[in-house]
Amino acid sequence: MHTYLTLQSEQRSLEQKQNKMSEKKNALAAMLEQYESNNKPKYEKKSEKVYDLKNYFNTFIKEGVKSATKQIRILPTADGSSPFVEMYGHKVQVDGEWKTFACLKHEKGEACPFCEAREALLSTGKESDKELAKKYNAKLMYVVKLIDRDNEADGVKFWRFNHDYRKEGIYDKIIGVLNAIKKDVTNAENGRDLLLTINRNQNGVPVVSAVASLDPTPLSEDAEQSKTWLSDTRTWEDVYAVKTYDYLEIIVKGGSPVWDKEKKTFVDKASLTSNESEASHLESELTMGVETVKANIQTA
C-alpha cells in the first residue's frame, strides 16, 4: 500500500513538473512572439502589383514596318471553360495615349464615373449630348492567357482586345479558325499554335488581318516548363489594375491623377500649385496594368 501511494505521489510530482515546464515553454513562446511583434516595422509597405511589360501581349509593330506575323499558344483553363474571359472597360485618350480602364459598374457592381457621365448626357435629350455620351460607353473586351512563342522566356502573358460588333475582330477570326478545324487549340498535349498576321489599316494602325492554325504540337517539349505555365493561376485583375472611383473621376474630368499620401486620396495634378506639385507627399500614379499605346499606333 505504501509503495502504491509513493508511486502515485511521484507521478503527481512528475505531472506537476511537466505542467510547469509546459507553462514555461508557453511563456517563452509568448515572450519571443511579443519581441518579434514589437520589433516589426511600424509601417510595413503593403504588397503591390508590379507593372511588368512581360505580362502583356500586344500586336504592336515598329514604325516603318508595314506587316508582321506573331505566333501564340492560347493556354487551357483549369475547369475547361472558355479561355476568353469577358470584361468591360472604358477607353479614353490621355496625354496623346489611349488607355483602358476597367468599368467599376460592370466589374465590381459599384458606381462608375464614366457610366455616370454617360447617363447624365443621355438624360438631357439633346442629340449632341447623345453623341457625346458614346465616348463614355463601357466596351466589351476579351482577355486571354497565352504564350508568346517569340518570347517564351517571359512566361504567361495576357492579351486584351475589343469585341467587334461587326464580327470582323480578333475574336471572330479566332473562332472562324476553330469552326474550320473543329479542334481544341488550347490542349496542352496536342493543341495548336495560332499565327497572327498583322497589317496596317488605312489609318496606319496595326490590326490583326488574319489568323491561321498551325500543326498540332505539345505546349512545350519540356514537361516542367509546361507544368509551370499551366499552373499560373493569375487572372486579368492581377495584371490589369482596377482603378478606384476617385481616380477615374479625375480622368473623366480630363485631369491627371496623383496620389496624395497625406490626404490619402487621388488629386488632380493640374489643380495643385507649383510648390504642391513638387511636394514629397505626392506620388505620380503609374498606369500599372493599363493598356497604354500611342494614339497613332493604337491596336484594334
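That block above? That's the structure.
Residues numbered from 1 in each chain as written. Predicted model: local features only at pLDDT ≥ 70, side-chain atom pairs only at ≥ 80, totals over all residues. Heavy atoms only, no water.

## Considerations on the pairing of strand β9 (residues 265–268)
- Sheet topology note: the strand β8 (residues 257–260)/β9 ladder contains 4 bridges and is antiparallel. When the bridges of β9 are listed, Val-258 appears paired with Val-267.
- Hairpin connection between β8 and β9: a loop of 4 residues separates the two successive antiparallel strands, and Lys-264 in this loop has a positive phi of roughly 55°. (Pairing = 2+ DSSP bridges. Helix = DSSP H or I, 4+ residues; strand = E, 2+ residues; numbered from the N terminus.)

## What about the packing of aromatic side chains?
- Within this structure, the stated rule accounts for 12 aromatic pairs.
- Centre to centre, the rings of Phe-84 and Tyr-171 are 5.1 Å apart; their planes meet at 75°, and the pair counts as edge-to-face. With Phe-84 in the loop between β1 (67–74) and β2 (85–94) and Tyr-171 in helix α5 (residues 170–181), this pair connects stretches of sequence that are 87 residues apart.
- When the ring of Phe-101 is compared with that of Tyr-247, the centres are 6.1 Å apart and the planes differ by 55°; the resulting orientation is tilted. (Phe/Tyr/Trp six-rings, centres within 6.5 Å; stacked < 30°, edge-to-face > 60°.)

## Here's the deal with the packing of helix α3 (residues 113–122) against helix α7 (residues 245–252)
- Put simply, α3 and α7 touch, their axes get as near as 8 Å, and they point 45° apart. Taken together, α3 and α7 sit at an angle that is classed as oblique. Contact with α3, carried on its side by Pro-113, Phe-114, Glu-116 and Ala-117, involves Tyr-245, Leu-248, Glu-249, Ile-251 and Val-252 of α7 and no other residues of that element.
- Residue classes in the contact of α3 with α7 are distributed as 7 nonpolar, no polar and 2 charged. (Axes fitted to C-alpha atoms, helices over the stretch in contact; angles between N-to-C directions. Parallel < 35°, antiparallel > 145°, perpendicular 65-115°, else oblique. Contact = heavy atoms within 4.5 Å. Nonpolar A, V, L, I, M, F, W, Y, C, P; charged D, E, K, R; others polar.)

## Focus on the nonpolar core
- Within the largest apolar cluster, 20 residues are counted, with the highest numbers of intra-cluster contacts made by Ile-72, Trp-159, Ile-174 and Leu-194.
- Those elements that place two or more of their residues in this core are β1, β4 (139–148), β5 (156–162), α5, β6 (192–200) and β7 (206–216).
- No other element matches the 4 residues that β4 contributes to this core.
- Ile-174 has contacts with Ile-74, Phe-84, Trp-159, Leu-194 and Val-211, leaving out every residue within four places of it along the chain.
- Residues Phe-114, Cys-115, Tyr-136 and Ile-250 belong to the second largest nonpolar core, which totals 17 residues. (Core = buried A, V, L, I, M, F, W, Y, C linked by side-chain atoms within 4.5 Å. Buried < 20%, exposed > 50% of the residue type's maximum accessible area, 1.4 Å probe, protein only.)

## Quick word on the pattern of salt bridges
- Applying the stated criterion across every chain, the model contains 13 salt bridges.
- Residue Glu-119 is joined to Lys-105 by a salt bridge in which the shortest nitrogen-to-oxygen separation is 3.3 Å. One end of the pair, Glu-119, is in helix α3; the other, Lys-105, is in helix α2 (residues 104–108), and 14 residues separate them in sequence.
- What makes Lys-105 partly exposed here is its relative accessible area of 43%.
- Here Arg-149 ties to Asp-193 by a salt bridge, and the two come within 2.8 Å at their closest N and O atoms. Highlighted residues: Arg-149 in the loop between β4 and β5 and Asp-193 in strand β6, separated in sequence by 44 residues. Here Arg-149 and Asp-193 have matching classes, each one buried.
- If you follow the salt bridges from partner to partner, you end up with Arg-73, Arg-149, Glu-152 and Asp-193 in one network. (Salt bridge = Lys/Arg side-chain N within 4 Å of Asp/Glu carboxyl O.)

## A few points about unusual backbone geometry
- Positive phi, close to 65°, is recorded for Lys-167, a residue that is not glycine.
- Here Lys-167 shows up in the loop between β5 and α5.
- On the accessibility criterion, Lys-167 (67% relative accessible area) is exposed.
- In this model, Lys-264 sits at a positive phi of 55°, which is unusual for a non-glycine residue.
- Position of Lys-264 relative to the elements: it lies in the loop between β8 and β9.

Distances and angles like these do not, on their own, reveal function.
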